[in-house]
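Residue-level listing of the chains:
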Amino acid sequence: MATVQVACSPLGGPPREAPRELPREQGAGFRRLSARLRALRPDDSSAARTEIHLLLDQLISENYGAGGGVAPEDVSTLLVQACRLVPLNQNHLVSKVSQLTHHLLNTLQVIVDEQNLDFLLAYTISAIQQCSSWTHVKILQALAALVYGNGSRCQKYLPDLLGKSGLLMKLSDLAQSDPEVRRAAVHCMANLCLSVPGQPYLEEPYQNICFQAFLTILQSPKSPDMDDITFCMLLQNALKGIQSLLNGGKMKLTQTDELGALLAVLKKSMFHGLPGINIEMPTVLYPTPLPQYDGRPPVKLQLPESSASRPTMNRKKRSKIKPRKIQPGEEEEEEESSGEKEAAPVTGVGRGNLHEGSTQSPSSLAVQSLRLDGSGAAGKDGVSSPFSSSSWKRVSSSESDYSDTEGGMQSKMRSYQAKVRQGALACFLSTIKSIEKKVLYGYWSAFVSDTPELGSPQSVSLMTLTLKDPSPKTRACALQALSAILEGSKQFLSVAEDTSDHRRAFTPFSVMIASSIRELHRCLLLALVAESSSQTLTQIIKCLANLVSNSPYNRLKLSLLTKVWNQIKPYVRHKDVNVRVSSLTLLGAIVSTHAPLPEVQLLLQQPCSSGLSNSDSATPHLSPPDWWKKAPAGPFLEEASVSSPTGSSEPCWLIRLCISTVVLPKEDSCSGSDAGCAAGSTYMPSPMRLEALQVLAHLAKGYFSVAQVYLMELAEVICKCMGEADPSIQLHGAKLLEELGTGLIQQYKPDSTLAPEQRVPVTLVVLFWTMMLSGPLPRALQNAEHPTLQASACDALSSILPEAFSSLRSDWQILCITVLLGLNDSKNRLVKAAASRALGVYVLFPCLRQDVIFVADTANAILMSLQDKSLNVRAKAAWSLGNLTDTLIVNMETPDPSFQEEFSGLLLLKMLRSAIEASKDKDKVKSNAVRALGNLLHFLQPSHIEKPQFAEIIEESIQALISTVLIEAAMKVRWNACYAMGNVFKNPALPLGTAPWTSQAYHALTSVVTSCKNFKVRIRSATALSIPGKRERYGSVDQYAQIWNALVTALQKSEDTTDFLEFKYCASLRTQICQALVHLLSLASASDLPCIKETLELNGDMVQSYFLQFLKSGAEGDDTGAPHSPQERDQMVRTALEHISSVQALAGDTAKRVIVAFLDNILTVYFDSSGS
């Protein structure tokens, strides 16, 4: 079988590269033999054939070493010459030439050039057609080596190979009598499907032909004449072929049957040769959220007893087994004792025994107990195993009479079966990546169990492999596939719910998903404590992190996260750096998922020793609050200690761990497993420090009340990180600063529910920012070599608490403003965008917004950014312009008119022009541009409006708003445009009602309020229509009538929607329309009454019912400004009634009486129903 193994090598190996030139003497043997072969001429004599035989044998047996100093073109030339010398009627020589081709191309990793490939392929195809069948295996091996990485150059031979009567189709067919030939043909097909970056791929018809051929092979049972190892290799080749089609060919599995058939064979192949499991699968898997096979269980456990339920079974029998030891360099997957993975519940064993010491992994005791020395039940020490071991894992005493050869074959067999499972899982991973998530989740129940691993029809899942497969590599592959399924599953899993007990005749889908989530937690935690391979352990923890990030814990019963938290704690001190990094990633996922969660809040408040009673090494040895600083605390911390807010007396274990990881020197020399630990570095490996900083940032974002106790310690950590040379450490330090700054701002927001004494005092916040500004933050802001760091530092600087900014020394304030204005001129778009956004934050600060010079400087800077080529810069600048115009409105509402008087009219003109241009930009820019336009038009003073140069720009601005209200843009854009139009209506100096644009503005708003699909936009347009405070501002009688009729129509259509999500806004819309109608009634003139009467006669009952609803219940918390108290609402109707009663009706007009009676009736019914 040696040649067969070599034949497989190019399939799974890396793409070949031309070897580097080596000293000439290394290839001397090849060159000498090659020269002799090239000197020969075609000769059919016996002597010539003998010489060719000898030369070919010598070339095959030559030791080429690492590349052998042989140039690829020399190899191609030699093979062409050899083929020319050997006629196709010489079967033995053809076989030997094929063997040489296969040997040289594989050994020297050569990809044949296009010209020589053409000749060699033609020769090889002819050889298959003309030579005896016994040569076919060798010829096919040569063909496989030739087409490897050359698929795009074989186009003209594809009909001969893959056509209806193509050679490979015939030789790979189920009817092929020679199993080795069939396997070699499939190998060729798989190599043809291999993709090469930058090269064209197989045409779609040939992709489909190969796919169907591979699928048929995977669906077919093993033929009686095929040995197990050949069958394994056949399956491997088919799986690799499908994987290449999915990866390189970007094959789309659009047909349900096609995808279902593939998933069925992949699931079957995932368990190929797994001892103890014989899975039966249908031909096609169909998407369904419910268990699919109620009739017959697909799992047939060949053993009567379960490892999970009998942790102490058959101990005497197990003691007779003598396991192999792993030799250095030996593959773990080929070792019989590499670990059965289903861990029994740990009973009778102290939790501390599972936690790691200074050198061994948390599961080392379990592994030691599995690797017994054969002398007794539990080795020399007599310690029994806390984990179970199934009888399939070892050769039983009755099988111990195997000879060495038979034992070797068994080991080899297990290795090949494991490679099939790995191939199936790798192919499944490619399938996951090639289909949409919504399609994938239709097959959720086929690969993720929602019941315990045993005793259920659907229990065989990816977790079965994770827990039971003896090969660490296969377990890792299963975990990678599971991680890929879980990635991005948040929306799918969000339906899960098990907070209440369900007593129903059927299991709701939400309960089934919740059950799956619970089962995933249970199995992954079992795998965690039982795993001995560091690489697989890393995959388990990464998979857990994916699960935690996507699970809806706010809808699940408590304790899931607590179990994960307690189990992962010891691994943060694991000997392998990758395990430590992934453990921190998992802890970061716990503190960032659905934050803040009460369960996590409690975990963070637990004492440091909680869950670690017997594992001192699992937590850093930290005692005083400033444990990590060798130097004295300095003036900042001395002052901070006086004004620090009241916090938990018990230090947070996780924060202390992360700070120590970032700032403390490593405890010992950098081990070989510590990837990322720079030579001569005194700190922990960089990936660990970065992950620790990310966890701190997550804590600051989701659990600021916990992090605030450490505010000044974290300030020193940030200063230390931003002062280092590594840009990634600096970047993460800046991100942590931004999150802390944002947390402080949240505490001081007007809507914050936090008691004042629980906030961080402003004096301490000032101290915090003084420390930042006197530290390395200014250097980071000016570090032009690292623009990403500059941008992140800008974001951090924008997160300063406004109350603290006003208390900073004036030189620090000037520094912040000067740096941001300077960076707004940066040539780097990332920096420019961040600086523009930061200026938009600063312009809202109470201490800066009335500074005319600062506002003007900021306006000029923002207008410049608004012209940038980068959409991201323009979007940030537009947002800042919107904020700046909000500041203008706030200043206008202050008693002091000096700001309006001093603000430049020319700058206002520039701002209006820029906002008009921006309103024609992409939606990201447009939404804030129209907001700015509305504010600017609201801000204009009579002195501005009177000037001729403003007349045209005002007209253009309003036209821009009208067109934005009406266009089919993003709903956020239209909402902002309606809001802006309402702002325009608030300016009494604008000629609303008499200007030509009045009718256009009202038409745009009435069109939206009656027909827009989005109810929030309708609400905002109704709000705008209710803003004008005088009748004349509504224009002519016809204009008034149009607005009135549109609002009544909108009320009538307030429940007409096909979008379920809009129904929750129905009540708010009706409330706002009713308010607008009442407002119009309270301003109506005598000329308007006939139109109102006509509407009430047609739709009076409908309007009355909605008016009564309006009086009885307020709007559901929308932001329209509608009155919410019953007193305000009935007062509005009373005011309207009084106004109509006071109108001097035209002679003979009965409209007034009808309307008064209508309103009076509404109030009577309302007061009667409310009992007042």
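About the thresholds
Each chain carries its own residue numbering, running from 1 in the direction its sequence is written. Given that this is a predicted model, residues contribute local features only at a pLDDT of at least 70 and side-chain atom pairs are listed and counted only at 80 or more, while totals for whole chains, interfaces and linings are drawn from all residues. Derived side-chain values reflect all non-hydrogen atoms in the structure, with water molecules and hydrogen atoms excluded from consideration. Only DSSP runs of H or I covering at least 4 residues are called helices, and only runs of E covering at least 2 are called strands; the numbering of each starts at the N terminus. Buried, partly exposed and exposed residues are distinguished by accessible area as a fraction of the type maximum, computed with a 1.4 Å probe on protein chains only: under 20%, between the cut-offs, and over 50%, respectively. Contacts are assigned to residue pairs with any non-hydrogen atoms lying within 4.5 Å of each other. To get an axis, a line is fitted to the C-alpha atoms, and for a helix only the part in contact is used. The angle between two axes follows their N-to-C directions and goes from 0 to 180 degrees. Put simply, angles under 35 degrees are roughly parallel, angles over 145 are roughly antiparallel, angles from 65 to 115 are roughly perpendicular, and the rest are oblique. Left-handed describes a crossing in which the near helix is turned anticlockwise from the far one by less than a right angle; the clockwise case is right-handed. Salt-bridge detection follows one rule: a side-chain nitrogen of Lys or Arg within 4 Å of a carboxyl oxygen of Asp or Glu. Only Asp, Glu, Lys and Arg are considered charged, only Ala, Val, Leu, Ile, Met, Phe, Trp, Tyr, Cys and Pro nonpolar, and every remaining residue, Gly among them, polar. Residues grouped as a nonpolar core are buried Ala, Val, Leu, Ile, Met, Phe, Trp, Tyr and Cys residues, joined through side-chain atoms within 4.5 Å. In this scheme Phe, Tyr and Trp rings, the latter by its six-membered ring, pair at centre separations within 6.5 Å, and the angle between planes marks the pair as stacked below 30 degrees, edge-to-face above 60, and tilted otherwise. Note on criteria: charge over ring means Lys NZ or Arg CZ within 6 Å of the ring centre, with the direction from the centre no more than 35 degrees off the ring normal. On a scale of 0 to 100, pLDDT captures the predictor's confidence in every residue. Disulfides are defined as pairs of cysteine sulfur atoms found within 2.5 Å of each other. Expected span of a helix, by definition, is 1.5 Å for each gap between consecutive residues, and there is one gap fewer than residues. In this context, the arc is that of the directions from the helix axis out to the C-beta atoms.

Student: Quick rundown of the overall build of the protein? Include the residues and the values.
Tutor: If you tally the helices and strands in the protein, you get 54 helices and two strands. By the burial criterion, 57% of the 1172 residues in the protein qualify as buried. A sequence separation of at least 24 residues applies to 75% of the contacts in the protein between residues at least 6 apart.

Student: I'd like a rundown of the packing of helix α40 (residues 852-865) against helix α43 (residues 905-918), residues and numbers included.
Tutor: Put simply, α40 and α43 touch, their axes get as near as 11 Å, and they point 30° apart. Classified by the angle between their axes, α40 and α43 sit roughly parallel to one another. Between α40 and α43 the crossing geometry is left-handed. Together, A856, A859, N860 and L863 of α40 and L907, K910, M911 and S914 of α43 make up the contact between the two elements.

Student: For the pattern of salt bridges, give the residues involved together with the corresponding values.
Tutor: Tallying each qualifying case throughout the model produces 22 salt bridges. A salt bridge links D118 to K156, with the nearest nitrogen and oxygen atoms 3.1 Å apart. Taken together, the residues span a long stretch of sequence, with D118 in helix α6 (residues 114-130) and K156 in the loop between α7 (136-147) and α8 (158-162) at a distance of 38 residues. Its relative accessible area of 30% is what places D118 among the partly exposed residues. When the shortest N-O distance is used, the salt bridge between K735 and E738 registers 3.8 Å. Of the two residues, K735 and E738 both sit in helix α33 (residues 727-747), three residues apart, roughly one turn of that helix. The exposure class assigned to K735 is partly exposed, which follows from its relative accessible area of 37%. For E738, a relative accessible area of 17% translates into the label buried. Overlapping salt bridges bring together K735, E738 and E739 as one network.

Student: Can you explain unusual backbone geometry? Please cite residues and give values.
Tutor: Residue P596 is reached from A595 by a cis peptide bond, and omega for that bond is -5°. Looking at the secondary structure, you find P596 in the loop between α26 (577-592) and α27 (598-604). We note that S559 has phi near 100°; this positive angle belongs to a residue other than glycine. Assignment of secondary structure puts S559 in the loop between α24 (534-550) and α25 (560-568). Here S559 falls in the partly exposed class, since its relative accessible area comes to 31%. A positive phi is found at H594, a non-glycine position, where the angle reads about 45°. Here H594 lies in the loop between α26 and α27. Residue H594 is classed as partly exposed on the basis of its relative accessible area, which comes to 30%.

Student: Account for the packing of α43 against helix α44 (residues 923-939), with residues named and values stated.
Tutor: In the contact formed by α43 and α44, the axes pass within 8 Å of each other and the chain directions differ by 145°. Considering only the axes of α43 and α44, their crossing is left-handed. Contacts between α43 and α44 involve L908, M911, L912, A915, I916 and A918 on the former and, on the latter, V925, K926, A929, L933, L936, L937 and F939. Taken together, the residues of the contact of α43 with α44 break down into twelve nonpolar, no polar and one charged.

Student: An account of the nonpolar core is needed here, citing residue identities and associated values.
Tutor: Formed by 368 residues in total, the largest nonpolar core has its most connected members in L654, F768 and Y842. Looking at this core element by element, the count peaks at twelve residues for helix α23 (residues 509-530). Not counting residues within four places of it along the chain, the set of residues in contact with Y842 comprises L797, S798, I800, F805, C816, I817, L820, L848 and F854.

Student: Please provide a residue-by-residue account of the packing of aromatic side chains, values included.
Tutor: To describe a pair of aromatic rings, you give the distance between the ring centres and the angle between the ring planes. The final tally for this structure, using the stated rule, is 18 aromatic pairs. Here the aromatic rings of F428 and F447 are separated by 4.4 Å at their centres, their planes lie at 25°, and the arrangement is stacked. You can see F428 sitting in helix α17 (residues 404-434) and its partner F447 sitting in helix α19 (residues 444-447), a full 19 residues away along the chain. Under the relative-accessibility criterion, F428 is labelled buried at 0%. For the ring pair F805 and Y842, a centre distance of 5.2 Å and an interplane angle of 70° mean the geometry is edge-to-face. With F805 in helix α37 (residues 802-805) and Y842 in helix α39 (residues 829-842), the pair connects residues that are 37 residues apart, well separated along the chain. Each member of the aromatic cluster is reached from another via a ring pair, and the members are Y441, W444, F492 and F509. Note that K267 overlies the ring of F447, its terminal NZ or CZ placed 5.9 Å from the centroid. Seen from the ring of Y683, R689 lies directly overhead, with NZ or CZ sitting 4.3 Å from the centre.

Student: I'd love a proper account of the environment of M169, names of residues and values included.
Tutor: Here M169 shows up in helix α9 (residues 167-171). Each C-alpha atom, one on M169 and one on V186, is 8.7 Å from the other, the two residues being 17 residues apart in sequence. Residues within four places of M169 in sequence aside, it is in contact with L161, L162, G163, M189, I209 and A213.

Student: Describe in detail the confidence of the model for the protein, supporting the description with residues and values.
Tutor: The predicted model of the protein averages 81 in pLDDT, with 79% of residues at 70 or higher. Confidence, read as mean pLDDT per element, is least for helix α15 (residues 351-354) in the protein (33) and greatest for α39 (97). In this model, residues 669-680 is a region of pLDDT below 50 whose contacts with residues beyond four sequence positions or in other chains number 18 contacts.

Student: Go over the side chain of H944 with me, naming the residues and quoting the values.
Tutor: With respect to the helices, strands and loops of the structure, H944 is situated in helix α45 (residues 942-945). Since its relative accessible area comes to 5%, H944 is described here as buried. If near-sequence neighbours (up to four positions away) are discounted, H944 is found in contact with G905, L908 and F950.

Student: I'd like to hear about the side chain of S510, residue by residue, with values.
Tutor: Note on placement: S510 falls in helix α23. In this structure S510 comes out as buried when scored by relative accessible area, which is 18%. Contacts of S510, omitting those with residues within four sequence positions, involve V495, A496 and E497.

Student: Now, about the state of the cysteines: what can you tell me, with residues and values included?
Tutor: Following the criterion strictly, the structure yields zero disulfides and no others. Between C210, a free cysteine, and C193, which holds the nearest cysteine sulfur, the sulfur-to-sulfur gap is 3.8 Å. By relative accessible area, which is 0% here, C210 ends up buried.

Student: Tell me what's going on with helix α53 (residues 1126-1142), and back it up with residues and numbers.
Tutor: Between its first and last C-alpha, α53 extends 24 Å over 17 residues, near the 24 Å set by a 1.5 Å rise per residue. For α53, the full list of buried residues reads R1129, D1130, V1133, A1136, L1137 and I1140. Down the axis of α53, the smallest arc covering the buried residues is 115°, so these residues share one side. More than 90 degrees from the buried face of α53, the exposed residues found are Q1127 and E1138. Those residues of α53 hidden inside the fold are in contact with α51 (1066-1081), α52 (1089-1112) and α54 (1151-1170).

Student: Break down the environment of K666 for me, citing the residues and quoting the values.
Tutor: On the secondary structure map, K666 appears in the loop between α29 (653-663) and α30 (686-702). With a relative accessible area of 18%, K666 lands in the buried category. On a C-alpha basis, the gap between K666 and T682 in space is 6.1 Å, while along the polypeptide they are 16 residues apart.

Student: Kindly report on the environment of Q212, identifying the contributing residues and their values.
Tutor: For Q212, the position within the fold is in helix α11 (residues 204-219). As for Q212 and I242, which are separated by 30 residues in sequence, their C-alpha atoms are 9.4 Å apart.

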